[in-house]
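# Coordinates in review
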Amino acid sequence: MSAYFIFTHKVHDAETLNSNYLPKAVESFGPYNPEVLVVDENIEIMEGSSDANRTVVIRFESKEQAKEWYNSEAYQNIVNLRLDSIDGFAFLCDGFKP
């Protein structure tokens, strides 16, 4: 079953995030072959409240594969670039299968 990594955050260092982190993050995808479904820097909050302004949704074949990517040496070597550039959260969820 597909799994989705969803990142929602407020960017406070766009230069580091876009110039340093993103190219390396894409490289870290390597053998995991995920599909980037959403990169939106102008999200609209429809319910509740949040100061987030960016959401990224990445589809993996499974939660296991998503966790392998997230925990990989390649990604763990750069994750702090993202964490130091944003305030927000990330979560992993299964796709819907009726």
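Up top is the structure these notes are about.
Residues numbered from 1 in each chain as written. Predicted model: local features only at pLDDT ≥ 70, side-chain atom pairs only at ≥ 80, totals over all residues. Heavy atoms only, no water.

### Topic: the nonpolar core
Of all hydrophobic cores here, the largest spans 17 residues; its most connected members are F5, F7, Y21, I58, F60, W69 and Y75. Elements with a minimum of two residues in this core: β1 (3–11), α1 (14–29), β3 (54–60) and α2 (63–71). Counting residues per element, this core draws most heavily on α1, which supplies four residues. Filtering out sequence-adjacent residues up to four positions away, F7 remains in contact with R54, T55, V56, I58, W69, Y75, R82, F89 and A90. (Core = buried A, V, L, I, M, F, W, Y, C linked by side-chain atoms within 4.5 Å. Buried < 20%, exposed > 50% of the residue type's maximum accessible area, 1.4 Å probe, protein only. Helix = DSSP H or I, 4+ residues; strand = E, 2+ residues; numbered from the N terminus. Contact = heavy atoms within 4.5 Å.)

### What to know about the pairing of β1
Burial analysis of β1 places seven of its nine residues in the buried class, the great majority of the element. Two elements, β1 and β3, share seven bridges in a ladder whose sense is antiparallel. Within the sheet, the bridge partner assigned to H9 lies in β3 and is R54. When β1 meets strand β4 (residues 86–94), the two strands line up antiparallel, connected through nine bridges. Note that in β4 the partner of I6 across the bridge is F91. (Pairing = 2+ DSSP bridges.)

### Side note on the sheet that holds β1
If you trace the four strands from one edge of the open sheet to the other, you get β2-β3-β1-β4, paired in antiparallel fashion. The open sheet has two free edges, formed respectively by β2 (35–40) and β4, since each of these has just one partner strand. Neighbour-to-neighbour, the strand axes of this sheet turn through a mean angle of 10 degrees, independent of strand direction. On top of the sheet, α1 reaches β1, β2, β3 and β4; it is set at about 5 degrees to β3, its chief contact. (Axes fitted to C-alpha atoms, helices over the stretch in contact; angles between N-to-C directions.)

### So, the side chain of S72
One can find S72 in the loop between α2 and α3 (73–76). The exposure class of S72 is buried, given its relative accessible area of 10%. Here Y75 takes part through its backbone nitrogen, which lies 3.2 Å from a polar atom of the side chain of S72. (Polar contact = N/O pair within 3.5 Å; in protein donor to acceptor, adjacent residues only side chain to side chain.)

### Considerations on the side chain of H9
Secondary-structure assignment places H9 in strand β1. Accessibility expressed as a relative area gives 3% for H9, which makes it buried. Excluding anything up to four places from it in sequence, H9 contacts L17, A52, N53, R54, I86, D87 and G88.

### A closer look at the environment of G30
Position of G30 among the secondary structure elements: in the loop between α1 and β2. A residue is classified by how much of its surface remains accessible, and G30, at 49% relative accessible area, is partly exposed. Expressed as a C-alpha distance, the spacing of G30 and A74, which sit 44 residues apart in the sequence, is 9.3 Å.

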